[in-house]
Amino acid sequence: MSDTLGTGSGPDGKAKATVAPGQGECRPSIEAERQPGWAVSRHLRQTGLPLLSVAVILAFWEGAAQLGLFDASTIPPPSRVLSTVWELQTLGFPRGSSLLTHMGSTLGRVAAGYALAAVLGIPLGMLIGRSLRASRMVLPIVTFARSVATLSLLPLAVLWFGVGEESKVFLITYGCFWVLLTNVIDGAKNVDPALIRAALMLDTSPRAMFYRVILPSALPYIFSGLRLALGLGFMVIVGVELIGTSIGLGALISQARTFYRMDLVFAGMVAIALFGLLIALGLSWLERLLLPWARESK
Amino acid sequence: MQSPRVERVTEAVANAGSARPKIEILQVSKQFPAEDPARGLAVSNVSLTVGQNEFVSLLGRSGCGKTTLLNMIAGLVAPTQGQIAIDGKPVRGPGPDRGMVFQSSALFPWLTAIDNIEFGLVNRGVPKVERRRHAQDLISLVQLSGFESKYPRELSGGMQQRVAIARALALDPEILLMDEPFGALDELTRAEMQDELLAIWQKRTKTVVFVTHSISEAIFLSDRVIVMSPHPGRIREQIVIDVPRPRQRASVQFAQFYETIQRAIE
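The model shown is predicted, which means the values in this text are computed figures rather than measured ones.

**A few points about the packing of helix α7 (residues 132-147) of chain A against helix α9 (residues 165-189) of chain A**
All names here are of chain A. Put simply, α7 and α9 touch, their axes get as near as 10 Å, and they point 145° apart. Note on packing geometry: the crossing formed by α7 with α9 is left-handed. The segment α7 lies against α9, with S135, V138, I141, V142, A145 and R146 engaging Y174, W178, L181, T182, I185 and K189.

Set out below in structure tokens:
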């Protein structure tokens, strides 16, 4: 009767029996990690293939530009963008404002607006999500506010907060807040009622119910909200920096355009993309660290 | 070998016959809000007592109100009529004297097996060292040594239910309420779990109310099987299984009980 543990009735035992090598290729199983041969090719597939496609595109782009297939001043080749990045970092554009200065300034604005949105949105979303009446009342407001394109509020933000940093942070906060709020509300609402009942049978106080059941259960939703909001923040910032500043990646791109410096526009774009990539990687690392139980089965 | 004893139970109280009942259910009904009130009547005028340390199964088709009745004993659902008392005290909500195991193990997915078991102990403010020791004892009781730090999704269905049983036992309740706990398991695992549940029940004397729709499971486990009928949920008959344990699943006697109960259900 104690044999259950040993008979391999677990998911592992079943996977071993049913996954044929051919299937494993398109659907990596737990088994793949066990066999050294699979592990190597799997690693290659995961990091090598994306890199390969990027390299191929860059090579074609560079080659086409070298062959004169398109105008290097409108579509600068990768080599040109790279040297521009270097020029931007050493000389600066406008003179004295290096790439890192632009990046730092953009990052600071996004971070401030994003943090503010998180501080407001997470507690508020949890409260609203746990009250049926509140979520019914709030739903139309959230739907409306979310549908307003953040950048269309730019003139209003400038009127209310001036052309300085406040209006920029306000717009980032606005954009991030609604996306985050929607997700947090969903998370607080979608707690499995069976878990609530189980906790009720285990001497759980209302306070413990919130901190030990509802909050952890909502965490994956909160994380996905944080991820979406961050992406949105970086989208909004470029538009927001179009006015009232000469520092920031958005400002860099818009000024480069007026000088017809497409190489600079591309350099700015690459920097923004780099931000997005690094932060997405950082967040998914943090998520794996904090929510090991919610990890997708690989 | 005597033939199975069948008692007709209609309006009378289905009685455990012991001196002091642990659970008393007196003319309890539960009406859920529904367009057609007759359909919303999940439990209709049910009376039942369960004795100290008795193992009672509630058996019936889906819709016969067995889970609702169990939830009312748990204090998760309030009866619309009648009264439920435990040790003579009316039930007003969930309490530490009752532990529950659900069909969908209902383990907290963000906690490891041992942390799930400790959940109630943390609520009760038991110091960490003592908590761990207690949980370790339960881990060996349900034969999960080596799986303490696994998350629920890493465990098989049978293992998840072992954790759920250990979690319910952690607060040392006098009554164990089980809502089709093995319903989602395959036949072989199910038989193993039944053996183990009996072993646990004999080691730590508990009063058990066990909801199932498996006739053989009810015969194998119970002192008494309460057969319920649907629309509205009522007690139809009770069958006392006066066979010493361990019981033989393939015996003639077992088959007789099976037939008797099957007839009671139809």
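**Re the packing of aromatic side chains**
All names here are of chain A. On inspection of all chains with the given rule, the structure shows 15 aromatic pairs over all chains. Here the aromatic rings of W61 and F266 are separated by 5.7 Å at their centres, their planes lie at 55°, and the arrangement is tilted. One end of the pair, W61, is in helix α4 (residues 36-66); the other, F266, is in helix α13 (residues 262-290), with 205 residues separating them in the sequence. For F266, a relative accessible area of 17% corresponds to the buried category. Centre to centre, the rings of F234 and F275 are 5.4 Å apart; their planes meet at 40°, and the pair counts as tilted.

**A short note on the interface of chain A and chain B**
At the junction of the two partners, chain A supplies 26 residues and chain B supplies 33 residues. Between chain A and chain B, the buried area comes to about 2800 Å², and carbon and sulfur atoms account for 67% of it. A salt bridge links A:D203 to B:R124; its shortest N-O distance comes to 3.2 Å. Counting every contact that joins chain A to chain B gives six residue pairs in polar contact (both at pLDDT 80 or more). Residue assignment for the side of chain A that touches chain B shows that the elements contributing at least two residues are α10 (193-200) and α11 (206-240) of chain A. Per element, the largest residue contribution to the side of chain A that touches chain B is six residues, and it comes from α10(A). The class makeup of the residues in the side of chain A that touches chain B is 15 nonpolar, seven polar and four charged.

**Here's the deal with helix α12 (residues 249-258) of chain A**
All names here are of chain A. Of all ten residues that make up α12, eight are buried, and the element is covered over most of its length. Among the residues of α12, those classed as buried are L249, G250, A251, L252, I253, S254, Q255 and A256. Against the buried residues of α12 lie α5 (78-90), α6 (99-130), α11 and α13. Looking one or two places after α12, you find Y260, whose phi comes out positive at around 55°.

**Quick word on the side chain of A:H102**
All names here are of chain A. With respect to the helices and strands, the residue H102 is situated in helix α6. With a relative accessible area of 0%, H102 lands in the buried category. For H102, the residues in contact, after removing those within four places along its chain, are F93, P94, S97, S246, I247, G248, L249 and L252.

Conventions adopted
- Residues numbered from 1 in each chain as written.
- Chains lettered and ligands numbered in written order.
- Predicted model: local features only at pLDDT ≥ 70, side-chain atom pairs only at ≥ 80, totals over all residues.
- Heavy atoms only, no water.
- Axes fitted to C-alpha atoms, helices over the stretch in contact; angles between N-to-C directions.
- Helix = DSSP H or I, 4+ residues; strand = E, 2+ residues; numbered from the N terminus.
- Left-handed = near helix turned anticlockwise from the far one by under 90°.
- Contact = heavy atoms within 4.5 Å.
- Phe/Tyr/Trp six-rings, centres within 6.5 Å; stacked < 30°, edge-to-face > 60°.
- Buried < 20%, exposed > 50% of the residue type's maximum accessible area, 1.4 Å probe, protein only.
- Buried area = accessible area lost by both parts, 1.4 Å probe.
- Salt bridge = Lys/Arg side-chain N within 4 Å of Asp/Glu carboxyl O.
- Polar contact = N/O pair within 3.5 Å; in protein donor to acceptor, adjacent residues only side chain to side chain.
- Nonpolar A, V, L, I, M, F, W, Y, C, P; charged D, E, K, R; others polar.

From the geometry alone we can't say anything about function, so treat these as descriptive.
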